[in-house]
Amino acid sequence: MFEPVLLKNVAVPDSHLLSTYEAGGGYQALAKALREYTPDEVVNLVKQSNLRGRGGAGFPTGMKWSFVPKQVDKPKYLCCNADEGEPGTFKDRIIMERDPHQLIEGLAVSAYAIGAKIAYVYIRGEYVTAIRRLEEAIAEAHEKGYLGSRILGSDFNFTVHIHCGAGAYICGEETAMLESLEGKRAQPRLKPPFPAVAGLYASPTVINNVETLACVPHIVVRGPDWFRDIGPDKSPGPKLYCVSGQVRKPGLYELPMGIPLRELVDHAGGPLPGRKIKAVIPGGVSAPVIPEHGLDVGMDFDSLTAAGSMLGSAGVIVIDDTTCMVKVATRIIEFFHHESCGKCTPCREGLNWVVKVLRRIEAGDGAPGDLEQLEMLCKGIFGNTFCALGDGAAMGLRAALAHFRDEFVAHVEERRCPFH
């Protein structure tokens, strides 16, 4: 029986308070790190755990930390990406609202490892409760000596600042987030240089997701072997899965990495009464859809990549047999078009064109050759943009066209939606 790790406190009364967090063993990892390990040893612990970033890309966390140069004249920064703008994703919000000290401890241990004295939590402005809880938790941690100067009697000084975004999806891209933190228009930067060398204010910067940082204290306390024993070797650890859509029990589930997607849907109660699952989007709308016959795939980075999709943010959206896939694809591309920063031509112009064609097909005005035109547009967008926003849109549409082409053809030939 799997015991929750990241969500173990969320159902406890007053789980957001420091006293509750301490009662459950909170800040023991910070004390252990400062007392028993050098910064390089903490980095090695995380490397040995095989922790991979939970924000979407799945890059090895310890390796990312090791890219930060040792001897530099500039300050080092730690940035927490808490923007969480991916549709179907709400895992980080729960941590920040219900267990904010878990994030703060993760920030403190991570900052100690990379040599940073300042961290910024970039959080979407709509998360009003999460912002308030984080502010209160930061104040509590300062008062108790977990933040500030000479933390727990050591030479480590560290503080956390909150920066509220304005709800721009593009700020989920790490360099666009850095631009926003610096007060500029949120658009992705050309890489290299990478943030570890020249990030915030052109200084060495590590950017991690909320869930990633929340894993760090548990690795320090329980050890990397414990973490590697959960889930597959290349993608181990506990994982938060957001399940929404047409299921009986939508919600946030903590289960081992690599659980079969079909089993995860069963945890959420399965399809609604009298309905059948048609497809599932496994990682937020950036992830290509998986048809029902492919649901036995493991929910980890490598398995989903091999299946032609990706884990992404683990925002699982279940679609049943009453839903029109043309309508789903249209709404998703409309979202990407709306959220495109407009910096590069393939994304700015290509998605605008795709939206027009999809709307025409959905309205019953499709023409012969429209599907081939959509495929051509996807080819022009994919791999030709500054960031992954355009790639995500193109991959999602390609998958919908491949798996549910008959529905697109029916819209064009019948000049109507067969579902509505």
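Predicted model only: the values in this text are computed from it and were never measured.

## Things to note about the overall build of the protein
- On a plain count of helices and strands, the protein comes out with 17 helices and nine strands.
- Relative to the globule expectation of 22 Å for 420 residues, the C-alpha radius of gyration of the protein, 22 Å, shows essentially globular dimensions.
- Viewed in the frame of its principal axes, the protein has a C-alpha envelope of about 75 × 45 × 35 Å.
- Taking all 420 residues of the protein together, 57% fall into the buried category.

## Side note on the packing of helix 15 (residues 370-381) against helix 17 (residues 405-414)
- Relative orientation of the contacting elements helix 15 and helix 17 amounts to 130 degrees, with a least axis distance of 10 Å. Classified by the interaxial angle, the pair formed by helix 15 and helix 17 is oblique. Note on element contacts: helix 17 touches helix 15 through Arg405, Phe408 and Val409, opposite Leu371, Glu372 and Glu375.
- Tallied by class, the residues present in the contact of helix 15 with helix 17 amount to three nonpolar, no polar and three charged.

## A few points about the pairing of strand 5 (residues 238-245)
- With seven of its eight residues buried, strand 5 lies for the most part within the structure.
- Note that strand 5 and strand 6 (residues 251-256) share six bridges and pair antiparallel. Across the sheet, Leu240 pairs through a bridge with Glu254, a residue of strand 6.
- Taking the residues that link successive antiparallel strands as the turn, the strand 5-strand 6 hairpin has five residues.

## What about the packing of aromatic side chains?
- All chains considered together, the criterion is met by 11 aromatic pairs.
- Residues Tyr27 and Tyr146 carry aromatic rings whose centres are separated by 3.9 Å and whose planes lie at 5 degrees to one another, so their mutual orientation is stacked. Taken together, the positions of Tyr27 in the loop between helix 1 (18-23) and helix 2 (28-36) and Tyr146 in the loop between helix 7 (128-144) and strand 3 (159-165) put the pair 119 residues apart, joining distant regions of the chain. In terms of burial, Tyr27 and Tyr146 fall into one category: buried.
- Taken together, a centroid distance of 5.9 Å and an interplanar angle of 70 degrees make the contact between Tyr169 and Phe336 edge-to-face. Residue Tyr169 is found in the loop between strand 3 and helix 8 (174-181), and its partner Phe336 is found in helix 13 (residues 325-339); the two are separated by 167 residues along the sequence.
- Given a relative accessible area of 0%, Phe336 falls into the buried group.
- Here the basic side chain of Lys239 rests over the ring of Tyr241, its NZ or CZ set 5.8 Å away from the ring centre.
- If you follow Lys343 out to its NZ or CZ, it ends over the ring of Phe386, 4.6 Å from the centre.

## Some words on the sheet that holds strand 8 (residues 290-291)
- Spatially, five strands are ordered 6-5-9-7-8 in an open sheet, and the strand pairing comes out mixed. This sheet does not close on itself; its edge strands, each paired only once, are strand 6 and strand 8.

## Some points on the environment of Thr175
- Locating Thr175 in the fold gives a position in helix 8.
- Residue classification places Thr175 among the buried residues on the basis of a relative accessible area of 2%.
- Excluding residues within four positions of it along the chain, Thr175 makes contact with Gln187, Pro188, Arg189, Lys191 and Pro195.
- Among the polar contacts made by the side chain of Thr175, one reaches the main-chain amide nitrogen of Arg189 at a distance of 2.9 Å.

## Overview of helix 7
- The end-to-end C-alpha distance of helix 7 is 25 Å, a good match for the 24 Å that 17 residues give at a rise of 1.5 Å each.
- Ala130, Ile131, Arg133, Leu134, Ala137, Ile138 and Ala141 are the residues of helix 7 that are buried. Around the axis of helix 7, the buried residues are gathered within 165 degrees of arc, so they sit on the same side. Of the residues in helix 7, the exposed ones pointing more than 90 degrees away from the buried face are Val128 and Glu143.
- Against the buried residues of helix 7 lie helix 5 (91-98), helix 6 (100-114), strand 2 (118-124) and strand 3.
- At the C-terminal side of helix 7, Gly145 shows a positive phi close to 90 degrees.

## Topic: the sheet that holds strand 4 (residues 205-209)
- Read from one edge to the other, the open sheet built from four strands follows the order 3-2-1-4, with strand pairing classed as parallel. Strands with a single pairing partner mark the edges of an open sheet, and in this sheet they are strand 3 and strand 4. Between one strand and the next, the sheet's axes are offset by a mean angle of 20 degrees, whatever the strand orientation.
- The strands touched by helix 6 within the sheet are strand 1 (77-82), strand 2, strand 3 and strand 4, with strand 1 carrying the most contacts at an inclination of about 145 degrees.
- The sheet contacts of helix 9 (residues 210-222) involve strand 1 and strand 4, and relative to strand 4 the element is tilted by about 95 degrees.

## Brief notes about the nonpolar core
- In terms of nonpolar packing, the biggest core is built from 62 residues, with Trp65, Met96, Leu103, Leu107, Ile123 and Phe158 touching the most fellow members.
- Top element by residues in this core is helix 6. It accounts for nine residues.
- Ignoring sequence-local partners within four residues, the contact set of Leu107 consists of Leu78, Cys80, Ala119, Val121, Phe158, Val160 and Leu213.
- Tyr122, Cys171, Ile333 and Ile381 belong to the second largest nonpolar core, which has 55 residues in total.

## A few points about unusual backbone geometry
- Residue Pro192 is reached from Lys191 by a cis peptide bond, and omega for that bond is 0 degrees.
- Mapped onto the elements, Pro192 comes out in the loop between helix 8 and strand 4.
- Put simply, Pro192 and Pro193 share a cis peptide bond, and its omega is 5 degrees.
- Examined against the element boundaries, Pro193 turns out to sit in the loop between helix 8 and strand 4.
- At Glu84, a residue that is not glycine, the phi angle is positive and equals roughly 45 degrees.
- Within the secondary structure, Glu84 is located in the loop between strand 1 and helix 5.

Reading the values: the criteria
- Sequence order sets the numbering: in each chain, residues are counted from 1 along the sequence as written.
- Given that this is a predicted model, residues contribute local features only at a pLDDT of at least 70 and side-chain atom pairs are listed and counted only at 80 or more, while totals for whole chains, interfaces and linings are drawn from all residues.
- Excluded from the side-chain calculations are hydrogens and water; all other atoms, namely the structure's heavy atoms, are used.
- In DSSP terms, a helix is any run of H or I states spanning at least four residues, a strand is any run of E spanning at least two, and both are numbered starting from the N terminus.
- Here the globule rule is a power law, 2.2 Å times the number of residues to the power 0.38, and the radius of gyration is based on C-alpha atoms.
- Exposure categories follow from relative accessible area, calculated using a 1.4 Å probe and restricted to protein chains: below 20% of the type maximum is buried, above 50% is exposed, and the middle band is partly exposed.
- Whenever a helix is involved, its axis is fitted only over the stretch in contact; in every case the axis is a line through C-alpha atoms, and angles between N-to-C directions fall within 0 to 180 degrees.
- Angular relationships are summarised with four words: roughly parallel below 35 degrees, roughly antiparallel beyond 145, roughly perpendicular across 65 to 115, and oblique for the angles in between.
- We call two residues contacting when some pair of their heavy atoms lies within 4.5 Å.
- When residues are grouped by polarity, Ala, Val, Leu, Ile, Met, Phe, Trp, Tyr, Cys and Pro land in nonpolar, Asp, Glu, Lys and Arg in charged, and all others, Gly among them, in polar.
- One bridge is not enough; two strands pair if DSSP finds at least two bridges between them.
- Only centres within 6.5 Å qualify two rings of Phe, Tyr or Trp (six-membered ring in Trp) as a pair; their planes then separate them into stacked at under 30 degrees, edge-to-face at over 60, and tilted for everything else.
- By the criterion adopted, a ring carries a charge over it if an Arg CZ or a Lys NZ lies within 6 Å of its centre and within 35 degrees of its normal.
- Two N or O atoms form a polar contact when they lie within 3.5 Å of each other; inside protein one atom must be a possible hydrogen donor and the other a possible acceptor, and for residues adjacent in sequence the pair counts only when both atoms belong to side chains.
- Given the number of residues in a helix, its expected span is that number minus one, multiplied by 1.5 Å.
- In this description, the arc belongs to the directions extending from the helix axis to the C-beta atoms.
- Note on terminology: a nonpolar core comprises buried Ala, Val, Leu, Ile, Met, Phe, Trp, Tyr and Cys residues joined through side-chain atoms within 4.5 Å.

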